[in-house]
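# Notes for the structure review
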Amino acid sequence: MAAVPVKPAASQNPVESPRTLEQFLAQQREIDLLRFITCGSVDDGKSTLIGRLLHDTRQVFDDQLSAVANDSRRWGTTGEVPDLALLVDGLQAEREQGITIDVAYRYFQTPRRKFIVADCPGHEQYTRNMATGASTADAAVVLVDAEKGVRVQTRRHTHIVSLLGVHNVILAVNKMDRIGYDKAKFEAIAGEFVAYARKLGVQNIEVIPVAALTGVNVVNRGAATPWYTGRTLLEALEALEGLEVARTDGLKELRFPIQLVSRPDANFRGYAGTIASGDISVGEEVLALPSRKSSKVREITTADGPLERAGALQAVTVVLEDEIDLSRGDVLVHPDHRPTLARTFDANLIWMGEAPLLPGKRYEFKIGSRYVKGLVDSIQHRIDVNDLTTREAEALDLNGLARVRIALEEPVAVDDYKLSRATGSFIIIDLLHFGTVGAGMVIAPNAAGQRASSDVVWQPTRVTAAIRANQKSQKPAVVWFTGLSGSGKSTIANALEQALVQRGHHSYLLDGDNVRHGLNKDLDFSEGGRAENIRRIGEVSALFVDAGLIVITAFISPFRVDRNRIRERIGDTFIEVYLSTSLEECERRDPKGLYVKARAGEIREFTGIDSPYEPPLAPQLSIDTSKQEIGATVDQILRYLENKGFLHQADPGL
Amino acid sequence: MHALIQPVTTLKPVSGGRRASAAKMTHLARLEAESIHIFREVAAEFAKPLLMYSIGKDSSVLLHLARKAFFPGRIPFPLLHIDTGWKFKEMITFRDETAKRLNAQLIVHTNEAGKAAGVTPFTHGARYTDIMKTEALKQALDKYGCDAAIGGARRDEEKSRAKERVFSFRDAQHRWDPKNQRPELWNLYNGRLRRGDSIRVFPLSNWTEVDIWTYIHTENIPVVPLYFAKPRPVVDRDGLKIMVDDDRLPLNPGEKPHLENVRFRSLGCYPLTGAQVSTADSVPAIIEEMLRTTTSERQSRAIDADSAAAMENRKREGYF
Ligand SMILES: Nc1nc2c(ncn2[C@@H]2O[C@H](COP(=O)(O)OP(=O)(O)O)[C@@H](O)[C@H]2O)c(=O)[nH]1
């Protein structure tokens, strides 16, 4: 890479810089690649640190440096010193607000290694972008501000890094200049962090005191921390080992997800894909999952000629001996080393949707090269990143972390994510807007207690009211109308149901017509019969609520005690809507001529005439239908339901 | 690395070797495998993908990787070239030869309305790029009902590109919303779309300029001869050396085309692309020169000279 030797880099590299072009090219062909992220809380100095790394390894071009000098005057936060953070903060909104929204990828190299740095945003609201960066990383550099110490975001990011299986974590305690390079303060922060990271099971942890602004211990050591004898950040990054192993995370068994069936002509049929783990050789027997068809490898084709054997991360095309019909999404394995074939399995999940994750709602899952529909059967617990405690949860909000059980509609081949990133990871896609709303990591799919066999058809562990309701994108409720005869209950109830159905909701209307003639045929209009009538309607409503429906009832239901009993039975999803239309108005309307008959004494114990009506004391809504149009009343009720979260609003999506 | 490199005159392309061992992969092998994976995902997931072929070195690498991804089959989607009418002649020749060599379908699209209205780099300034490139690209993508457009952009080119996903979501108006990108984890690219939406795909996201040239050298990939230095007629204009590629370039008073030994670091419309004085006439010589250079490659394009935000704005509007 081109170079501006701003100051001579102290050469602590055991590997020599190339002296000739031939040496350079030879080196280019030999050196490997390390992908790492920088993360931590906002303003801990990530951008500055990367700017410093680029600058001190001399990767910055003249025009870029003068652009930074320009921009520093405009946006910078460092006064006279060029703000090296501006080398990496790329988007206008980011510069205007002085924050990082999305991951920025940077590239640099030393004679030892190529590096891809993903600079991750620090704000909690952009956690999904941070996870994007971390998912492909071999190592993570977590920053803390030495003055502020370990914070919630430090923990959150470290947790996500560990969930994503990044085993190498370097804590850079930054802004050491601000605390006078104090050793004791540094050690206190290091101690707290190491304890937390160990609890998470991070394997390699290293802590380095740095000052990104001045460059201390980033590339060059400097004299400020004589008490520190460890490696500089760059030395640590150059020295990390075992990456090829870490990358396929230890799984030595063959996993070859078929991406594409290649059929250029009648004579050739090959299966193209990237080997996720293990290796594959000509002549070997292989088994395709989930179809369980087997054959032998006839040829491993690449554009650079055939191979006898190919290994992890290589992109090849495999030709089999037999004409078996495999398709995209199948996984080739060795018959003796199979992954778990499962419809249900447990997973750690990072939720990334604006709308919360709802158990029971249908989503699409992408696992390897396979798309399968399914759902999150249950949230076993969500995880508090602060103290790593777990708690129960019904839903998972944006950026939430949880352990969940997944239930798919078809079996898929999966491995424990810890063993194999490629066959243990999946994303969740919303079926309406198709945005990526979640990322998951499979937990020991073949462990006891999990129904792993593909022969077992999925049975939800427990179908709850919430699961049924989530399927329908609504929260069940009873909209209970009460009011005098002629107050408008049936009319409004019918109009409301139409409006709900139009919006795609699932509702059921209970009124005199469908209840009196069947369920309650045996009841008379005596006081006892009326009470029983209302009780049964309450019970049926309760069952329908359990079924996930929005129930609408339209009965006079004159007695407070009856209505209250139902409220107690159903709970706070019981919505009492009092139609407070006056007796005079109802008598004036008298649609069925009942008031006339009651006044004439032809009907006895008619509510409002010779039997009392007890208005609710605290109805959820109270509406006089003589004062407004039907449409307005329906809108008022819909708005109430929306505000209270009964009708899920459409997710704006990504 | 400045001054550490002695000039080398002869250097043979070296092939193989890096694929020999399955255990350890070099960074180029990893980049190659990653790009091939991306190409295959596109072919598998989209109904009407096409490859935006810009004829430059990145496009050359892109095509080379596409060929590898689908070998022994041919590249399963057409190449689209947006012809502004002002490309270097040698680019057009190279384009046609390449399509023939790879047996690939080539679509050439020009914004005919813009051409008819007399839009040129000289008369319309910055709007020329909007009309003849951005607009033209949108027209072509709409015309072919394309749901995935593959391009050769790299994240190391420029700051707003450094933020872009491999599968970059565009709405029906081809707009990029940098504040609201889809999360993209592992190599699980989300190819699901609503009608009218589309994806721009960047298989070279993680390649750097050095990687590109090293790979061109290693794999012996043909590139447009304009990258190699030779005497060419140029005029000096606004700090750039503009090559007089044909007689349509209006000369300012006092301007006289003169021969200089120049080459191009990136290619575009000839009246807008600055040449650099150079003696690098081979790929190794270019790499060597690059190692001594102190400016980034986009500097030679007039389009960015205005502000740091120029490229982001163009991208939001649907420029590649
Ligand atoms: N004193 C001091 N300030 C620093 C250091 N590193 C970064 N900063 C300042 O901390 C602020 C936030 O840095 P930035 O890199 O933008 O943080 P990011 O949000 O993590 O990317 C800026 O004002 C930097 O100049 C350091 O080592 N010492």
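From a predicted model like this one, the values you see are computed outputs, not experimental measurements.

On to the overall build of chain A, then. On a plain count of helices and strands, chain A comes out with 18 helices and 27 strands. Among the 654 residues that make up chain A, the fraction classed as buried is 59%. Summing over all exposed atoms, chain A offers an accessible surface of approximately 26,200 Å²; the carbon and sulfur share of this is 49%.

With that out of the way, let us pick up the nonpolar core. B:Phe39, B:Leu51, B:Val61, B:Phe167, B:Trp207, B:Trp213 and B:Ile287 are the most contacted members of the largest nonpolar core, which has 79 residues in total. With 8 residues, helix H1 (residues 27-45) of chain B is the largest single contributor of residues to this core. Excluding residues that lie within four positions of it along the chain, B:Phe167 makes contacts with B:Ile38, B:Glu41, B:Val42, B:Phe46, B:Glu184, B:Tyr189, B:Asn190, B:Gly191, B:Ile199, B:Arg200 and B:Val201. Counting residues in hydrophobic clusters, the runner-up holds 55 residues, among them A:Val142, A:Val207, A:Ile427 and B:Leu188.

Before going further, it helps to spend a moment on the packing of helix H1 (residues 21-30) of chain A against helix H8 (residues 283-292) of chain B. Where H1(A) contacts H8(B), the two axes come as close as 11 Å, and the packing angle between them is 90°. Judged by the inter-axis angle, H1(A) sits roughly perpendicular to H8(B). Judged by residue contacts, A:Leu21, A:Phe24 and A:Leu25 of H1(A) engage B:Pro284, B:Ile287, B:Glu288 and B:Leu291 from H8(B). Taken together, the residues of the contact of H1(A) with H8(B) break down into 6 nonpolar, no polar and 1 charged.

Attention now moves to the site of the ligand. All names here are of chain A. Around the ligand lies a shell of 18 residues, among which Asp 43, Lys 46, Ser 47, Thr 48 and Asp 177 are the nearest. Here Lys 46 contributes a backbone N or O atom positioned 2.8 Å from an oxygen atom of the ligand. In the environment of the ligand, an oxygen atom lies 2.7 Å from a nitrogen or oxygen atom belonging to the side chain of Ser 47. In the complex, the protein chains occlude 90% of the 590 Å² of accessible area that the ligand would expose alone. Per-element accounting of the shell around the ligand gives the leading share, 3 residues, to helix H2 (residues 46-56). Of the residues in the shell around the ligand, the class split is 5 nonpolar, 7 polar and 6 charged.

Here we take up the confidence of the model for chain B. Residues and elements named next belong to chain B. Per-residue confidence for chain B gives a mean pLDDT of 85; residues scoring 70 or more make up 84%. The low-confidence segment residues 298-308 (pLDDT under 50) makes 24 contacts with residues lying over four places distant or belonging to another chain. Interface predicted TM-score (ipTM) for the complex: 0.85; the corresponding pTM is 0.77.

Moving on, we come to the packing of aromatic side chains. All names here are of chain A. Applying the stated criterion across every chain yields a total of 23 aromatic pairs over all chains. Taken together, a centroid distance of 5.4 Å and an interplanar angle of 45° make the contact between Phe 186 and Trp 227 tilted. Of this pair, Phe 186 sits in helix H7 (residues 183-200) while Trp 227 is found in the loop between strand E6 (204-209) and helix H8 (233-239), placing the two residues 41 residues apart along the sequence. Accessibility expressed as a relative area gives 6% for Phe 186, which makes it buried.

What follows is about the sheet that holds strand E9 (residues 268-274) of chain A. Pairing within the open sheet is antiparallel, and its 7 strands lie in the order E7-E15-E11-E12-E14-E9-E8 (chain A). A single partner strand is all that each edge strand has here, and the edge strands are strand E7 (256-257) and strand E8 (260-265) of chain A. Direction of pairing for strand E11 (residues 285-289) of chain A relative to strand E12 (residues 293-301) of chain A: antiparallel, over a ladder of 4 bridges. In the strand pairing of E12(A), A:Val286 is matched with A:Ser295. Taken strand by strand, H1(B) contacts E8, E9 and strand E14 (315-320) of chain A, and its axis lies near 60° from that of E14(A).

Turning to the side chain of A:Gln259, a few remarks are in order. Among the structural elements, A:Gln259 can be located in the loop between E7 and E8. What makes A:Gln259 buried here is its relative accessible area of 2%. Sequence-distant contacts of A:Gln259, that is, excluding residues within four places in its chain, are made with A:Ala272, A:Gly273, A:Thr274, A:Arg328, A:Ser369, B:His37, B:Arg40, B:Glu41 and B:Ala44.

Residues and elements named next belong to chain A. Within chain A, residue pLDDT values average 86, and 86% of them lie at 70 or more. Within the model, the stretch residues 1-14 combines pLDDT values under 50 with 41 contacts to residues more than four positions away or in other chains. Segment residues 650-654 is flagged for pLDDT under 50; beyond a separation of four residues in sequence, or across chains, it makes 13 contacts in the model.

Now for the pattern of salt bridges. Going through the model one piece at a time under the given rule, you end up with 62 salt bridges over all chains. For the salt bridge of B:Glu41 with A:Arg328, the shortest nitrogen-to-oxygen distance reads 2.9 Å. Of this pair, B:Glu41 sits in helix H1 while A:Arg328 sits in the loop between E14 and strand E15 (331-333), placing the two residues on different chains. Among the ionic pairs, A:Glu585 bridges to A:Arg588, the shortest N-O distance being 2.9 Å. Placement of both A:Glu585 and A:Arg588 in helix H16 (residues 583-589) is noted, with a separation of 3 residues, approximately one turn of the helix. A network of salt bridges, in which partner residues are shared, links A:Asp304, B:Glu32, B:Lys68 and B:Glu219.

Turning our eyes to something else, we now look at the side chain of B:Glu157. When you line up the elements, B:Glu157 lands in the loop between strand E4 (148-150) and strand E5 (167-170). A polar contact is formed between the side chain of B:Glu157 and the side chain of B:Arg161, at a distance of 2.6 Å.

What counts and how
- Per chain, residues are indexed from 1 in the order of the written sequence.
- Following the order in which they are written, the chains are lettered starting with A and the ligands numbered starting with 1.
- Residues qualify for local features only when their pLDDT is at least 70, as the model is predicted, and side-chain atom pairs are given and counted only at 80 or more; totals for whole chains, interfaces and linings, by contrast, use all residues.
- Side-chain metrics rest on all non-hydrogen atoms present in the structure, leaving aside hydrogens and water.
- The numbering of helices and of strands both runs from the N terminus, where a helix is a DSSP run of H or I of at least 4 residues and a strand a run of E of at least 2.
- Burial status follows relative accessibility: with a 1.4 Å probe on protein chains alone, a residue under 20% of its type maximum counts as buried, one over 50% as exposed, and anything between as partly exposed.
- Using the Shrake-Rupley algorithm and a 1.4 Å probe, accessible areas are obtained, with residue cover drawn only from the displayed protein chains.
- What we call a nonpolar core is a set of buried Ala, Val, Leu, Ile, Met, Phe, Trp, Tyr and Cys residues that are connected through their side-chain atoms within 4.5 Å.
- Should any heavy atoms of two residues lie within 4.5 Å, those residues are counted as being in contact.
- Axis definition: a line fit to C-alpha positions, over the contact stretch in the case of helices; interaxial angles, taken between N-to-C directions, run 0 to 180 degrees.
- Roughly parallel refers to an angle under 35 degrees, roughly antiparallel to one over 145, roughly perpendicular to one between 65 and 115, and oblique to any angle outside these ranges.
- Three residue categories are used. Nonpolar comprises Ala, Val, Leu, Ile, Met, Phe, Trp, Tyr, Cys and Pro, charged comprises Asp, Glu, Lys and Arg, and polar comprises the others, including Gly.
- Any residue with a heavy atom lying within 4 Å of a molecule or strand is counted as near it.
- Counted as a polar contact is a pair of N or O atoms within 3.5 Å, where, for protein atoms, one must be capable of donating a hydrogen and the other of accepting one, and residues adjacent in sequence contribute only when both atoms are in side chains.
- Residue-level confidence of the predictor is what pLDDT reports, using numbers from 0 through 100.
- Only centres within 6.5 Å qualify two rings of Phe, Tyr or Trp (six-membered ring in Trp) as a pair; their planes then separate them into stacked at under 30 degrees, edge-to-face at over 60, and tilted for everything else.
- For two strands to be treated as a pair, DSSP must find at least two bridges joining them.
- For this analysis, a salt bridge means a side-chain nitrogen from Lys or Arg found within 4 Å of a carboxyl oxygen belonging to Asp or Glu.

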